[in-house]
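One letter stands for each residue in the lines below.
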Amino acid sequence: MIEFGAQASRVRSWGFGPKCVRLWRWLLARPLFLLGLILVFAISLVAVTAPLIAPYDPIKINLPSRLQPPNSLHFLGTDHLGRDLLSRLLYGARVSLMVGVTIAGMSCLLGSILGLTSGYFGRMVDNLIMRVCDMFFAFPPLILAMAIAASLGPSLQNTMLALVIVWWPRYARLARSQVLSLRELDYVQAAKAAGASHPRIILRHILPNVSSPVVVQTTLDIGQAILMAASLSFLGFGAQPPTPEWGLMASEGRIYMRDFWWYPTFPSLMILITVLGFNLLGDGLRDALDPRQRGRLTSLR
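A brief report on the enclosed structure follows.

What counts and what doesn't
- Residues numbered from 1 in each chain as written.
- Predicted model: local features only at pLDDT ≥ 70, side-chain atom pairs only at ≥ 80, totals over all residues.
- Heavy atoms only, no water.
- Phe/Tyr/Trp six-rings, centres within 6.5 Å; stacked < 30°, edge-to-face > 60°.
- Buried < 20%, exposed > 50% of the residue type's maximum accessible area, 1.4 Å probe, protein only.
- Core = buried A, V, L, I, M, F, W, Y, C linked by side-chain atoms within 4.5 Å.
- Helix = DSSP H or I, 4+ residues; strand = E, 2+ residues; numbered from the N terminus.
- Contact = heavy atoms within 4.5 Å.
- Axes fitted to C-alpha atoms, helices over the stretch in contact; angles between N-to-C directions.
- Parallel < 35°, antiparallel > 145°, perpendicular 65-115°, else oblique.
- Nonpolar A, V, L, I, M, F, W, Y, C, P; charged D, E, K, R; others polar.

Thoughts on the packing of aromatic side chains
Turning to step 1, where the next piece is worked out: Taken as a whole and judged by the stated rule, the model has seven aromatic pairs.
Turning to step 2, where the next piece is worked out: Ring geometry for Trp 261 and Trp 262: centres 6.0 Å apart, planes at 85 degrees, overall edge-to-face.
Turning to step 3, where the next piece is worked out: With 5.8 Å between their ring centres and 55 degrees between their planes, Trp 261 and Phe 266 make a pair best called tilted.
Turning to step 4, where the next piece is worked out: A relative accessible area of 17% places Phe 266 in the buried class.
Turning to step 5, where the next piece is worked out: Counting every residue linked through ring pairs, the aromatic cluster contains Tyr 256, Phe 260, Trp 261, Trp 262, Tyr 263 and Phe 266.

Below, the structure is given as structure tokens:
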């Protein structure tokens with residue numbers, strides 16, 4: 001019976017209980033969260049279906065059609081090599097989402113592991129990990145990422161690695177702060193007294209309570225990762241031609257801005273819409289998972 005009760009509790013925590021229903025009702029009643037959810041879903045759908053809906057090859061050069069304004073053949077115009085901008089933007093969604101999810105996911109994984117280790121064991125382990133974090137926090141993130149990417153060589157993979165190196169300390173600090181407030185609680189002390197191993201205590205008793213703020217931070221950081229990667233590509237440290245990456249497209253189009261406005265404008269708008277969608281989505285999740293919102297959730301019973 002005890003085991004059955006524990007399983008039922010886990011099922012409710014996975015999203016099948018009345019509390020989760022109230023949570024989703026509250027979230028879907030928030031217009032900004034709903035807008036963010038729609039934007040993220042639309043961008044994700046575009047990324048998945050890009051090969052099916054793109055009207056042209058995104059890297060095929062067609063010089064006779066170069067720098068055409070939006071028209072019936074090219075709905076968003078063409079670039080300086082005659083490539084269809086709509087097709088490149090659709091394929092660029094795949095690149096940008098892959099970059100954002102990979103950077104945020106790897107940073108979250110690495111930082112959370114180190115943060116959990118630092119907060120749980122403390123002492124020398126904590127001091128060592130936190131001093132390394134302090135070293136990274138001493139530099140502006142974009143400048144440090146530029147330096148790492150420049151030393152590794154300009155490429156999309158090196159840009160992703162540089163941003164992971166720059167961003168993992170924020171997750172380590174976040175996870176550590178949560179662990180410090182949890183490791184002295186009664187249920188953790190009871191698990192220690194019962195002889196539970198350190199990995200079991202961390203994974204079964206501490207990690208589930210740390211996951212909510214980490215997930216929210218990851219959702220917010222996907223948009224920021226896309227923006228940072230696009231910035232590095234714009235500066236020449238990231239994706240290289242002919243990769244259809246939004247930051248690179250905006251960089252290539254900036255010298256044509258005065259006479260051919262559509263070239264840099266549409267890639268920049270795609271970056272804006274995507275980052276906005278993830279920010280709104282993350283803000284909604286943060287509000288919903290904030291304990292101070294419990295009173296508002298209770299009123300939806």
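Picking up after the structure, the text goes on.
So, the nonpolar core
Turning to step 1, where the next piece is worked out: Leu 89, Ile 206, Val 210 and Trp 246 are the most contacted members of the largest nonpolar core, which has 43 residues in total.
Turning to step 2, where the next piece is worked out: Of all elements in the fold, only helix H2 (18–28), helix H3 (31–53), helix H4 (85–121), helix H7 (156–182), helix H8 (186–193), helix H9 (198–234), helix H10 (246–253) and helix H11 (262–289) reach the threshold of two or more residues within this core.
Turning to step 3, where the next piece is worked out: Among the elements that make up this core, the one with the highest residue count is H11 (nine residues).
Turning to step 4, where the next piece is worked out: Setting aside residues no more than four positions away along its own chain, Leu 89 makes contact with Leu 76, Trp 246, Met 249, Phe 266, Pro 267 and Met 270.
Turning to step 5, where the next piece is worked out: Counting residues in hydrophobic clusters, the runner-up holds 20 residues, among them Val 95, Ala 145, Ala 225 and Met 228.

Section: the packing of H4 against H10
Turning to step 1, where the next piece is worked out: Across the interface, H4 lies against H10 with an axial gap of 9 Å and an inter-helix angle of 140 degrees. When the interaxial angle is binned, H4 and H10 end up oblique. The residues of H10 that touch H4, namely those facing Leu 85, Arg 88, Leu 89, Gly 92, Ala 93 and Ser 96, are Trp 246, Met 249 and Glu 252.
Turning to step 2, where the next piece is worked out: Taken together, the residues of the contact of H4 with H10 break down into five nonpolar, two polar and two charged.

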